[in-house]
Amino acid sequence: QSGSVAANPEQYDESYLCPVQVGGQTLNLDFDTGSADLWVFSTLTPASESTGHAKYNPKTSGKAKSGYTWNISYGDNSGASGTVYADKVVVGGVTATSQAVEAATSVSTQFMQDTDNDGLLGLAFSTINTVQPQQQTTFFDTVKGTLAKKLFTVDLKAGTAGTYDFGYIDNSKYSGTITYVPVKTTNGFWEFTAGAATANNRSLGSVGDAIADTGTTLMYLPTAVTSAYYAQISGSTNSADAGGYIFPCDADVPDFHIAIGGKSFTVPGEYINFTPADNSGEQCFGGIQPNTGIGFTILGDVFLKAMFVVFDQTTSAPRLGFAAQ
Ligand SMILES: CC1CCN(C(=N)N)CC1
Ligand SMILES: CC1CCN(C(=N)N)CC1
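**Details of the pairing of strand β5 (residues 63-73)**
The two faces of a sheet get side chains in turn, since along a regular strand they alternate between them. Summarising the sheet, β5 and strand β6 (residues 79-91) pair through seven bridges and their orientation is antiparallel. Bridge pairing in β6 places Ser-73 opposite Gly-79. Between the antiparallel neighbours β5 and β6 lie five residues, among them Asn-77 with a positive phi of about 65°.

Rendered as structure tokens:
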């Protein structure tokens, strides 16, 4: 089987939500290649935490996995926890007849407040799934044996709907050729080695160990690369108050170039002029921020919306394919 689902941007492209049928109910889920749990708001989530969200009702067709629990926390200190059911999940026409559906019994305020978001669909490696006493597979791992090709592609866009495709590569969605690089799976992420970064024809240094992460909004780069980038923008500062690098909204924000697999890819400067940093609209928050404390680079949505990316498990060695949109 194969299929395609729309990836609809939230305000400022902060995250992208995809309609998914869970036990016959449609929920809008944040597809996240940086985690491996499929969890949903549910009828088990306290009303005080789930107002405004679509909820999964396991009573319809869910089979309880007795004694199974899950508990996840994300980089931004958001998180959720709950119990586990087996149920039918359909993404863009691709059907998992029995997928572990993690029903939330508790969610953090960040999730409570984002009423467009009804949960997450993890697309990292199942080795980091949080279900106990027995780890469960991601939707992709559940269905991959039934897909025409064991791969999915990500085509996020700036300010408009993109797509996640499962089982095939749509050659109309990218320009030029796809450059493949090997993936390191030991941390459970789609992790690879990126190369040199430049802006305004100046070297910014090497990016190095990086993950392709649809669940993270911005790009978190090595501190040396980040400071060398903002040295090109007059008036930019690293503001503790704002929580990162900001600059005048009318600044000339240079394109960011990164080498992957020996090919150069460009993130337009306009994607890096990310959002107003304050109500005055005078200072803007940068789409490139330092990866301090993370341990590797995160290439999130600001990067991905300039790219077409193939998450490929067609061979025993997973790989990532990158092409310009
Ligand atoms: C390393 C971190 C990257 C951001 N995360 C995520 N997309 N789920 C959490 C893990
Ligand atoms: C990877 C996840 C990080 C936490 N999220 C959030 N706060 N809205 C969702 C995505």
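**A closer look at the environment of Leu-120**
Summarising the element assignment, Leu-120 is placed in strand β8 (residues 119-122). Beyond its immediate stretch of four places on either side in the chain, Leu-120 contacts Leu-29, Asp-30, Asp-32, Ser-35, Asp-37, Leu-38, Trp-39, Tyr-74 and Phe-111.

**Here we look at the sheet that holds strand β20 (residues 283-286)**
Spatial strand order, β15-β16-β20-β19: four strands in an open sheet with antiparallel pairing. Only two strands of the sheet have a single partner each, and these edge strands are β15 (237-239) and β19 (273-276). Averaged over all neighbouring strand pairs, the angle between strand axes comes to 45°, with direction disregarded. Bridge count for β19 against β20 is three bridges, and the pairing is antiparallel. Bridging from a neighbouring strand, Asn-273 pairs with Gly-286 of β20.

**Some points on the side chain of Gln-99**
Looking at the element boundaries, Gln-99 is found in strand β7 (residues 94-107). For Gln-99, the residues in contact, after removing those within four places along its chain, are Leu-38, Tyr-85, Ala-86, Asp-87, Val-89, Thr-137, Thr-138, Phe-139 and Thr-142.

**Structural notes on the site of ligand 2**
Near ligand 2 the following residues occur: Asp-30, Asp-32, Tyr-74, Asp-76, Ser-78, Gln-110, Phe-111 and Gly-215. Asp-76 places a polar side-chain atom, nitrogen or oxygen, 2.7 Å from a nitrogen atom of ligand 2. Considering ligand 2 on its own, with 290 Å² of exposed area, one finds that the protein chains cover 85% of that surface. Going through the elements one at a time, β3 (25-32) and α2 (109-113) are the ones with two or more residues in the shell around ligand 2. Taken together, the residues of the shell around ligand 2 sort by class into two nonpolar, three polar and three charged.

**A closer look at the site of ligand 1**
Residues in contact with ligand 1, as listed here, are Asp-32, Gly-34, Ser-35, Tyr-74, Phe-189, Asp-213, Gly-215, Thr-216, Phe-296 and Ile-298. Asp-32 is positioned such that a nitrogen or oxygen atom in its side chain is 2.8 Å from a nitrogen atom of ligand 1. The backbone of Gly-34 places a nitrogen or oxygen atom 3.2 Å from a nitrogen atom of ligand 1. Of the residues belonging to the shell around ligand 1, the class tally is four nonpolar, four polar and two charged.

**Structural notes on the sheet that holds strand β13 (residues 202-212)**
Across the sheet, which stays open at both edges, the seven strands sit in the order β18-β17-β12-β13-β22-β14-β21 with mixed pairing between neighbours. Taken across any chain shown, the strands that pair with only one partner, and hence form the sheet edges, are β18 (263-267) and β21 (288-290). Neighbour-to-neighbour, the strand axes of this sheet turn through a mean angle of 40°, independent of strand direction. As judged from the five bridges shared by strand β17 (residues 256-260) and β18, these two strands associate in the antiparallel manner. Bridge pairing in β18 links Ile-260 to Lys-263. Sitting on the sheet, helix α4 (residues 223-230) is in contact with β12 (191-199), β13, β14 (219-221), β17 and β21, with an inclination near 135° to β21.

What counts as what
- By convention here, each chain's residues receive numbers from 1 onward along its written sequence.
- Chain labels run from A onward and ligand labels from 1 onward, assigned in the order the entries are written.
- Only residues with pLDDT of at least 70 get local features here, since the model is predicted, and only at 80 or more are side-chain atom pairs given and counted; chain-wide, interface and lining totals rely on the full set of residues.
- Note that the side-chain values use all heavy atoms of the structure and ignore hydrogens as well as water.
- Pairing between strands requires that DSSP locate at least two bridges from one strand to the other.
- Helix and strand definitions here come from DSSP, where helices need a minimum of 4 consecutive H or I residues and strands a minimum of 2 consecutive E residues; each element is numbered from the N-terminal end.
- The contact definition used throughout considers only heavy atoms, calling two residues in contact when any of these lie within 4.5 Å.
- Axis angles are defined between N-to-C directions and span 0 to 180 degrees, where every axis is a line fitted to C-alpha atoms and, for a helix, only to the segment in contact.
- In these notes, residues near a molecule or strand are those with any non-hydrogen atom within 4 Å of it.
- Counted as a polar contact is a pair of N or O atoms within 3.5 Å, where, for protein atoms, one must be capable of donating a hydrogen and the other of accepting one, and residues adjacent in sequence contribute only when both atoms are in side chains.
- All accessibility values rest on the Shrake-Rupley procedure with a 1.4 Å probe; residue burial counts only the protein chains present in the view.
- Only Asp, Glu, Lys and Arg are considered charged in this grouping, and only Ala, Val, Leu, Ile, Met, Phe, Trp, Tyr, Cys and Pro are considered nonpolar; every other residue, Gly among them, is considered polar.

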